[in-house]
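Reading the structure
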Amino acid sequence: MVTFKIDGKEIKAKEGQTVLDAATENNIEIPTLCVNESVLPYGACRLCMVDVTKGKRKRTVTSCAYEVAEGIEVDTKSEKVIKIRRMVIELLLARCPESEEIRQMAEKLGVTTTRFKPDEDGDACILCALCTRACREVVGKSAISLINRGTEREAALPFYDEADDCIACGSCVYICPTGAIKMEDKAGTRTISWPNCSQEFKLKACSACGFYFAPEKQLEFMAAESGVELEKLEICMSCRP
Ligand code: SF4
Ligand code: FES
């Protein structure tokens, strides 16, 4: 175990634990937009910044990626970190002015307007990379990635084209914190729409009741990964014995 101070309070944490996790376990709230326990930390949104003093050295770090260490002192509410968080959320407000999640986070941080020029492309992507990390680390695919640079950077299929690697599982949709990725199932087809591209996938009808219940590509992937015969997977949960 490691003993350290957070906001003046001495706490114990497991070795290797992040400052964010240790804070959360001790009911100390740090704002975040790009963490999820299913994927590795990435440090994209910068909302979770905290001050860390180690010996004579003081640094401002992302608490979601910074590991606890014996004797460090963490300040989650210093003037500097509050200023950084407000600046970050102002930038995000300008990037996704329509995003309800971003507006709510801004309100929580005491920010109501942004001094930056609002982005006019209308998508709600904050470039947190949760979707790309879930695709790679949880599903084991790399169907989408963050492409381009600067203001053109976005989550998309390679070359905005059809992705052979995508199995239409929807993990990116479920994990996206701002609803920037949409999914619709209609008449045997699943459509997934990323900020600037979309793709259609065939859904499989249950061999017992005929309900379109899962993407064909996802079932094929599951059969290949598990070694279970494809026919055995082509039956929906309600009809399974
Ligand atoms: S699409 Fe959603 S999950 Fe992916 S980077 Fe953008 S905000 Fe994050
Ligand atoms: S939560 Fe740490 S950088 Fe986003």
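In this text the structure is predicted, and so the values were computed from the model without any measurement.

1. Let's talk about the sheet that holds strand 8 (residues 182-186)
One open sheet accounts for 4 strands, arranged 8-9-10-11; its pairing is antiparallel. Two strands lie at the open edges of the sheet, namely strand 8 and strand 11 (212-215), each paired on one side alone. Ignoring which end each strand starts from, the neighbouring axes of this sheet average 30° apart. Relative to strand 9 (residues 189-194), strand 8 is paired through 5 bridges, and the arrangement is antiparallel. Each bridged residue has a counterpart across the sheet, and for D185 the counterpart in strand 9 is R190. Across the sheet, helix 6 (residues 216-226) lies against strand 10 (197-205) and strand 11, angled at about 60° from strand 11, the strand it touches most.

2. Here we look at the environment of S198
Take S198: it is sitting in strand 10. When its relative accessible area of 47% is taken as the criterion, S198 is described as partly exposed. The sequence separation of S198 and D161 amounts to 37 residues, and the corresponding C-alpha distance is 8.4 Å. The contact partners of S198, leaving out residues within four places of it in the chain, are I192 and S193.

3. Quick word on the sheet that holds strand 3 (residues 49-54)
If you walk across this open sheet you meet the 5 strands as 2-1-5-3-4, and the pairing is mixed. The open sheet has two edge strands with one neighbour each: strand 2 (9-13) and strand 4 (57-62). In this sheet, adjacent strand axes meet at a mean angle of 30° when their direction is disregarded. Pairing analysis gives 3 bridges linking strand 3 to strand 5 (residues 73-75), with the strands arranged antiparallel. Paired with V52 across the strands is V74, a residue of strand 5. Sheet strands touched by helix 2 (residues 79-95): strand 3, strand 4 and strand 5. Its angle to strand 3, the strand with the most contacts, is close to 150°.

4. Observations concerning helix 4 (residues 130-139)
A large share of helix 4 lies buried, amounting to 7 of its 10 residues. Within helix 4 the residues assigned to the buried category are L130, C131, T132, R133, A134, C135 and V139. Against strand 6 (145-147), strand 7 (154-156), helix 5 (171-175) and helix 6 lie the buried residues of helix 4. Immediately downstream of helix 4, the backbone of G140 shows phi near 90°, a positive value.

5. Regarding the nonpolar core
Judged by nonpolar contacts, the single largest core of 25 residues is most densely connected at I144, C172, I181, I192 and W194. Elements represented by at least two residues in this core include exactly helix 4, strand 6, strand 7, helix 5, strand 9 and strand 10. With residues near it in sequence (within four places) discarded, I192 still touches A168, G170, V173, I181, K182, M183, C197, S198, Q199 and F201. Formed by 21 residues, the second largest nonpolar core is a distinct cluster that contains V2, L20, A23 and V50.

6. Section: helix 3 (residues 100-108)
Of the positions making up helix 3, those classed as buried are I102, M105 and A106. Seen from one end, helix 3 has its buried residues packed into an arc of 105°, which puts them on one side. Within helix 3, the exposed residues directed more than 90 degrees away from the buried face are E107 and K108. The inward-facing, buried residues of helix 3 contact helix 2. Once helix 3 finishes, G110 follows within two positions and takes phi at roughly 75°, a positive value.

7. Observations regarding the pattern of salt bridges
Evaluated as defined, the whole model comprises 10 salt bridges. A salt bridge links E90 to R115, with the shortest nitrogen-to-oxygen separation between them at 2.7 Å. Pair noted here: E90 is in helix 2 and R115 is in the loop between helix 3 and helix 4, with a separation of 25 residues, a long-range link. Classification of E90 as buried rests on a relative accessible area of 9%. The salt bridge involving K232 is made with E229; its shortest N-O contact spans 3.9 Å.

About the thresholds
Residues numbered from 1 in each chain as written. Chains lettered and ligands numbered in written order. Predicted model: local features only at pLDDT ≥ 70, side-chain atom pairs only at ≥ 80, totals over all residues. Heavy atoms only, no water. Pairing = 2+ DSSP bridges. Helix = DSSP H or I, 4+ residues; strand = E, 2+ residues; numbered from the N terminus. Axes fitted to C-alpha atoms, helices over the stretch in contact; angles between N-to-C directions. Contact = heavy atoms within 4.5 Å. Buried < 20%, exposed > 50% of the residue type's maximum accessible area, 1.4 Å probe, protein only. Core = buried A, V, L, I, M, F, W, Y, C linked by side-chain atoms within 4.5 Å. Arc of directions from axis to C-beta. Salt bridge = Lys/Arg side-chain N within 4 Å of Asp/Glu carboxyl O.

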